[in-house]
Amino acid sequence: MELIYYIDLLGTMVFAISGAMAANRYGIDIFGATFMGFVTAIGGGSLRDVFLNIRPVWVEDGNYLIAIFVGVFISILFNKQLDSFARTLFLFDALGIGFFTVVGVEKSLAYESSAIAAVMLGMFSACMGGVIRDVLMNVTPLILRKEIYASACLAGAITYVLLTFIPLDPNLNAFISASVVFGIRFLSVRYNLSLPTVRPIN
Amino acid sequence: MELIYYIDLLGTMVFAISGAMAANRYGIDIFGATFMGFVTAIGGGSLRDVFLNIRPVWVEDGNYLIAIFVGVFISILFNKQLDSFARTLFLFDALGIGFFTVVGVEKSLAYESSAIAAVMLGMFSACMGGVIRDVLMNVTPLILRKEIYASACLAGAITYVLLTFIPLDPNLNAFISASVVFGIRFLSVRYNLSLPTVRPIN
Amino acid sequence: MELIYYIDLLGTMVFAISGAMAANRYGIDIFGATFMGFVTAIGGGSLRDVFLNIRPVWVEDGNYLIAIFVGVFISILFNKQLDSFARTLFLFDALGIGFFTVVGVEKSLAYESSAIAAVMLGMFSACMGGVIRDVLMNVTPLILRKEIYASACLAGAITYVLLTFIPLDPNLNAFISASVVFGIRFLSVRYNLSLPTVRPIN
């Protein structure tokens, strides 16, 4: 349980770095970078909690906000070096979305959402922070572009929900489902895969 | 009551088709189309419920999500044919926003919002899904452009609230108010009407 | 207490004017102007309340919506004159964000958020309405551009929270903290100050 908590804080920090880096790339000031780090990190989980009609965890537990400020600080301090760590950050992000997807599904089920809603909310937890980040930066959200990102989360969330119907240790289920997210994300970037479109842009 | 429930599911499906079609038009992949169908269909009602501080209906009742997936599936399968059904879809949409407006006002009043807030929330129920869809697609929301869309919903919502002050069967009120929305929407497109602007674009 | 209530209504009206004026500037119709006035005025406070898991005040108290409609009406009626009152409006806005920041922090603390979350939520109360306005108008939010706006609110929110740790009359604290917001905002525009960016746009 303790371990999950620290992983959650770590994941929050990684998301904050990603949001702040996006802001830095656009020449936004340090306040804007902090703001973007914040919304990217808490956006997905907060939206899930709002739909579950519970209070987002960061409202009462200040450690999440501290984790975000540390993330933003890192992104400012090591701004130049972070680019050369792009591959490492990609791996962290892929691990992060796997973790957040599983936590999101678990929390939704714990608060008595339907199984199918838990799938959507799990995917939301991992992806909506990035969507809000992109909307604020006035670019079309990444998940609506070619890359396989949210669909990896969706696959992992479906896996988790399906495995709850067989007698399986929840921790093992969490591990398998997070691995599905990570695996699909990793392989899709490695082999440059994408989903089909219904109608190609002319 | 049963009938209302099925109309609600049908309306949700029609909204999902509209969201997914918008995504298809931009050459977005099938996951993106599903995502857009989802946010378009649940956006307005969810926002209303979040402001009423209750849980959106789709979080517990999986049928709404199934209706959305059916809608997305239809939009992908009959992608080419849907364009030639544009007129039919327009009529469905006009009926849909009339229905959703009335349901939104009724629900808000049932959860003890003020009459004036019920008007806004009724309009939100019908229109905000489309607003979120447009924001995600990075275009200026339709309701901020020339067409009479949200104002039709607003007129219907005002009608419903005003008619609650006279002794009238709620079903008759719902029918009249939804007809106001449909009628204004239909006539404004038929005769190419628009509201005045305060200051014309140069 | 009475006074605070009327200041709150006045602040809401000023924010509605600012939102409606933005819409007028883009040649949006009178419905769109009303809609923009509404979201600008209630956006920040509503988001704070949603995160606190309570119902936004305008849902039950119709006076807030009336204040908004009055604001929109003023912006339409005095559309041409408002431009020549730009300086007055700027001062009103600077006072408004100071007031909303302090009210936001107080309300968050009253609903048992952590001190650090109260700072974020105070800043949100004052700034997120404008962010939503800008996102809907499809422009990069003001607070992500060069001006010192949200950072002034942040400074005021931090001041308020810090001063709660010493024995000080809450009203005096509110006055000091709102003055910090106003002062920073005023001076930054007067002397054209801005925060450093991490990486300049090439």
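Because the structure is predicted, anything quoted here is derived from the model rather than measured.

1. As for the interface of chain C and chain A
Of the residues lining the interface, 35 residues belong to chain C; the matching set on chain A comes to 31 residues. Across the chain C/chain A interface, buried area totals approximately 2,900 Å², and carbon plus sulfur atoms make up 67% of it. Where chain C touches chain A, the interface holds zero salt bridges. On the surface where chain C and chain A come into contact, there are five residue pairs in polar contact (both at pLDDT 80 or more). Elements that contribute at least two residues to the side of chain C that touches chain A include exactly helix H2 (30-51), helix H7 (115-136) and helix H8 (150-163) of chain C.

2. Here's the deal with the relation of the copies chain C and chain A
Once chain C is rotated about the relating axis by 120° and shifted along it by 0.0 Å, it coincides with chain A to within an RMSD of 0.0 Å. On the angle and the small slide along the axis, the relation comes out as a three-fold axis. A distinct binding surface is used by each copy, with only 11% of the interface residues of chain C retained as interface residues in chain A.

3. Remarks on the side chain of serine 151 of chain C
Of note, serine 151 of chain C is situated in helix H8. The buried category is assigned to serine 151 of chain C, whose relative accessible area is 13%. Apart from residues no more than four positions distant in its own chain, serine 151 of chain C is found in contact with Phe31 of chain A together with Leu195 of chain C.

4. A short note on the UniProt feature "domain: Glycine transporter" (unreviewed entry) in chain A
As recorded in UniProt, the feature "domain: Glycine transporter" (unreviewed entry) lies at residues 6-79 and 91-163 of chain A. Across residues 6-79 of chain A, helical content stands at 84% and strand content at 0%; the span's end C-alpha atoms are separated by 24 Å.

5. Description of helix H7 (residues 115-136) of chain B
Residue and element names in this part refer to chain B. Taking 1.5 Å of rise per residue, the 22 residues of H7 would be expected to cover 32 Å, and the 31 Å separating its terminal C-alpha atoms lies within 8% of that figure. A maximum bend of about 50° is found in H7 at cysteine 127. Along H7, 19 of the 22 residues are buried, which leaves the element largely enclosed by surrounding structure. Of the residues one or two after H7, asparagine 138 is the one with positive phi, at around 65°.

6. So, the confidence of the model for chain A
Per-residue confidence for chain A gives a mean pLDDT of 87; residues scoring 70 or more make up 95%. Put simply, helix H5 (residues 79-84) of chain A is where chain A has its lowest mean pLDDT, 75, and helix H8 (residues 150-163) of chain A is where it has its highest, 94.

7. Thoughts on the interface of chain A and chain B
In this assembly, 35 residues from chain A lie in contact with 31 residues from chain B. The contact between chain A and chain B buries some 2,900 Å² in all, and 68% of this surface belongs to carbon and sulfur atoms. Taken together, chain A and chain B are joined by zero salt bridges. For the pair chain A and chain B, the interface holds five residue pairs in polar contact (both at pLDDT 80 or more). Elements that contribute at least two residues to the side of chain A that touches chain B include exactly helix H2 (30-51), helix H7 (115-136) and H8 of chain A. A class-by-class count of the residues in the side of chain A that touches chain B yields 23 nonpolar, seven polar and five charged.

Rules of the game
- Residues numbered from 1 in each chain as written.
- Chains lettered and ligands numbered in written order.
- Predicted model: local features only at pLDDT ≥ 70, side-chain atom pairs only at ≥ 80, totals over all residues.
- Heavy atoms only, no water.
- Contact = heavy atoms within 4.5 Å.
- Buried area = accessible area lost by both parts, 1.4 Å probe.
- Salt bridge = Lys/Arg side-chain N within 4 Å of Asp/Glu carboxyl O.
- Polar contact = N/O pair within 3.5 Å; in protein donor to acceptor, adjacent residues only side chain to side chain.
- Helix = DSSP H or I, 4+ residues; strand = E, 2+ residues; numbered from the N terminus.
- Least-squares fit on C-alpha atoms with pLDDT ≥ 70 in both.
- Buried < 20%, exposed > 50% of the residue type's maximum accessible area, 1.4 Å probe, protein only.
- UniProt positions renumbered as here; feature names shortened; annotations may be inferred.
- Expected span 1.5 Å × (residues − 1).
- Bend = angle between axes of the 7 residues up to and from the residue.
- pLDDT = per-residue confidence, 0-100.
- Nonpolar A, V, L, I, M, F, W, Y, C, P; charged D, E, K, R; others polar.

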